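Fold and contact review
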Amino acid sequence: MVQGPPADNSGSRFTPLVVLELASDTNPEAIAWLLSRIRDQQQNGGAELLVEQLGPGVDAQEKENPNVFLVGGTWQRLLSGAEDVGLFKEFNDGSMRGFTCANKQDFKDYQGDGDSFLSMAECQYIIKHLLDTLRARHETHIPGHSEVKLYPGKSIIRRLQSKGILVQVFPLHDKEELKRLSFSWYGKVKLSLQPLDDIRHYYGEGQALYFGFLEYFTFALVPMALIGVPYYLFDWEDYDKYVVFAAFNLVWCTVILELWKRCSASLAYRWGTLSRKKAFEEPRPGFHGILGFNPVTGREEPLYPHAKRLLRIYLVSLPFVLLCLYLSLYVMMIYFQMEGWALSIHDQEPSFWTGVLLFIPSIIYAVVIEVMNLIYRYAAEFLTEWENHRLESSYQNHLVLKVLVFNFFNCFASLFYIAFVMQDMVLLRQSLATLLITSQILNQLMEAFLPYWLQRRRNKKMMRKVQKRRTLEDKELPLAEQVRLEADMSTYLGTFDDYLELFLLFGYVSLFSCVYPLAAVLVVLNNITEVYSDAFKMCRVFKRPFSDPAANIGVWQLAFEAMSVIAVVTNCSLIGMSPQVKAYFPDSESQLILWTVAIEHALLAFKFILSFLIPDVPKPIQISLARLEFESLEALKKKRPLRGGKCWKRRSPVSRLSEEERRPYSRHLTQL
C-alpha cells in the first residue's frame, strides 16, 4: 500500500485508502466542517476516520486543485466497520460467516492485531460505507454554502455530490498488488483460466463475477464453435440444411444459463456474498422531492409521489421509446432499399467490385446501429434521471429495460424481417456476418484503443512534469503525483456496457447462428480479446472502482433468460420454414404451423421444467447454508436468559423491593 507520514498519536503510519476531491471554489468553512465530521468520534455522529490534505505535487502549478484529501482509518475502526457492513470472512472450520469483533480470533486469517486481515478493497469499501452514512445532525445548511440545505438524517456526502461541491470520491490503487495482478491476468498471452480470486481480492465480487461470466460464456461457446466449423466447411452452400444446428441451439441456450446459476452460486459462496444480507438502500444523490417523514427510517427525507413518477414514465418515457423504435424501423427500411440498389447493380454487371458493393449497405447499417445505440443510451439516461427514482436499484432497472428494448429492436429487427418476411437465408447469413464483425471491430476501437490512447496522453503529460525533479534514487512515483494521476483517469462506469455487449453477442449466436455457423467462432475470438482488453482497461485506463459485494449478475440473468426464450421461438420457426420439414406437409401449411407452434410450446415447457429440476444452488452449498442457519438459531437460544430452567419472565416493580418493603403489598394482596 502507499503510505504517508504518521497521522495519529500511537505513531502508526497513515495509510491513504480513499481520495476526496472537493471543488476548488469550496468555502474553507465548509471544508473545515466536513473534515471535523469525518474525524469526529462515532458516538458524536462522526465517521471516526483519519483524513489528511494532499500536499503539492512536483512542479506545483496554480491550476492544481488544493482541495484534495486522503482518507484512511485505524485497524480497530476498520474492523468494527467490517462488522457494521456485514462482511463475510472465512471461519476456522472453512465456512464463510459474518465477521464480528467478539469472535475475531475464530476467523482463519486473523492474526495479531488483525492488520492484515482485511484486504485493501474491503477497507476501501468500509470507508465508503462510513462516509455515505455520515449524516447531518442539527445543521440546516452546509457551512459557507447557505444555498445547500440540510436536514437531520440527510447523508452529507450525497448532498455534496448532488450539488457539485464534492467532485469525486475514488479508492487508490495499490501499485505493487496491481503489478502482480496485471502480470497474472493479461501480462502474457496464455491459455489458462483467469485469476478470479485475485480479481475479487483487488476489485471485489461484482467485477469478478463479470469476468467469471465472460469466461464461462466463452467456454460454453466452444462446443457450438466446434460444430460450426465443419458445418461451415462441408455444408456451406446448402443454406436449407440448418435443422440440426437449430435444434442444438434450442438445448444449448437453455442448459448453459441453468448451469451458470450453479457456477455463480458456488463463486458467491466461496467469496462470502451468497448469504450476505443486502444493505438498506439510501436515496440516490440526484433524488429530489418535498421534505417529508419516512416511516421506515424515522428520518426526514425528500418524498416524491409515486403517481407522478408513473405519469412521467407512461406519458413521456414510453412514447419516446416507441418513437425511437419507429425511427429504428425507418432506418432499417432505408437499409433494405440500399441492399436492393446494390443487388441490382451487381445483377447488371457482375464483377469483383460489385461483389464488394453488396457488403457496403450492411457495413453502413452496422455503423449506424452503433451510433443510434450510443445516442439512445444518453437519451435513456436523461429520461431515467428525469423520472426521479428514489433508489439506485430502481434507477438501474428502468435504465436497463429502456436500453435493452431499443438495442434488441435496433440490432435484430432487420434479421427478423429478412428471416420471416423476406425468407432470404442468403441475405440473412450475409447481414448477420456483417453486423457481427462490424460491431465487434467498433466495440474494440471504442472500448480499448480509444481509452488507451487518451490515457497514454495523460500519462506522458504527467511523467514529463515528474521527471523535472525526479532523481535516479527515486524509483517510485511520489504519492501526490500518483493521486493526481489517478484523479485524471477516466471513471469506470460499471459493468453495464460490458454485460450489454455480451447480451447482444448471445443474441446473435442463439437466434440466427444456424444460418451462419461461424458466428460462435467469431464470438469466441471476440471474447478472448475482450478478456485482455477489459483487464487492461481496469488496470491501466480507469480509476479503481469501489468493491461491489454482489452475489450474482443481477437483472442481467433475467435478460439472458428472456433472450433464451426468444431463441426457442426463433429456432423453432426457422426449423418449420426449412424445406426438409415442409416436405412432410406438402398439402397443408396450416398443419405445419400448428405442429411448429405445438413443438415450440413443448420445448418452452421443457425449458421451464428443466429450470426447476436443476437447482440454482448446489446441494453441498445448500447443506452448508442450512447448517450455518441452524447454528445461528441455536446460539441465539443460548443467549436468552433462563431462571430455574424456566423461561424468564419480566419482574414486576414489587419483586425488586426488599422483604420489609414488600410486606405492605403482601398484606394488601392477601386481603384482595
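Placed above this text is the structure.
Residues numbered from 1 in each chain as written. Predicted model: local features only at pLDDT ≥ 70, side-chain atom pairs only at ≥ 80, totals over all residues. Heavy atoms only, no water.

1. Comments concerning the side chain of Thr254
- Inspection of the secondary structure assignment puts Thr254 in helix α8 (residues 243-271).
- Taking relative accessible area as the criterion, Thr254 reaches 5% and is therefore assigned buried.
- The residues contacting Thr254, other than those within four sequence positions of it, are Lys607 and Leu610. (Helix = DSSP H or I, 4+ residues; strand = E, 2+ residues; numbered from the N terminus. Buried < 20%, exposed > 50% of the residue type's maximum accessible area, 1.4 Å probe, protein only. Contact = heavy atoms within 4.5 Å.)

2. Observations regarding the pairing of strand β10 (residues 300-303)
- For strand β9 (residues 290-293) and β10, the ladder comprises four bridges, and the chain directions are antiparallel. Of the residues in β10, the one forming a bridge with Leu291 is Pro302. (Pairing = 2+ DSSP bridges.)

3. Quick look at the packing of aromatic side chains
- Scanning the model with the defined rule gives 33 aromatic pairs in all.
- Ring centres of Phe107 and Phe117 lie 6.3 Å apart, and the angle between their planes is 70°; this geometry places the pair in the edge-to-face category. Placement of Phe107 in the loop between β5 (96-98) and α3 (120-132) and of Phe117 in the loop between β5 and α3 is noted, with a sequence separation of 10 residues between them. In this structure, Phe107 and Phe117 share a single accessibility class: buried.
- Ring plane angle 75° and centroid distance 4.8 Å describe the contact between Tyr202 and Tyr203, whose orientation is recorded as edge-to-face.
- If you follow Arg97 out to its NZ or CZ, it ends over the ring of Phe91, 4.4 Å from the centre. (Phe/Tyr/Trp six-rings, centres within 6.5 Å; stacked < 30°, edge-to-face > 60°. Lys NZ or Arg CZ within 6 Å of the ring centre and 35° of its normal.)

4. Structural notes on the pattern of salt bridges
- Counted by the stated rule, this structure contains 15 salt bridges.
- Glu258 is paired through a salt bridge with Lys261; the nearest N and O atoms lie 3.7 Å apart. Note that Glu258 and Lys261 are positioned in helix α8 at a spacing of three residues, about one turn of the helix. Taken as a pair, Glu258 and Lys261 share a single burial class, namely buried.
- As a salt-bridge pair, Arg377 and Asp497 come within 2.2 Å of each other at their nearest N and O atoms. One end of the pair, Arg377, is in helix α11 (residues 360-386); the other, Asp497, is in helix α15 (residues 496-512), with 120 residues separating them in the sequence. (Salt bridge = Lys/Arg side-chain N within 4 Å of Asp/Glu carboxyl O.)

Any functional reading would require information beyond the geometric quantities listed.
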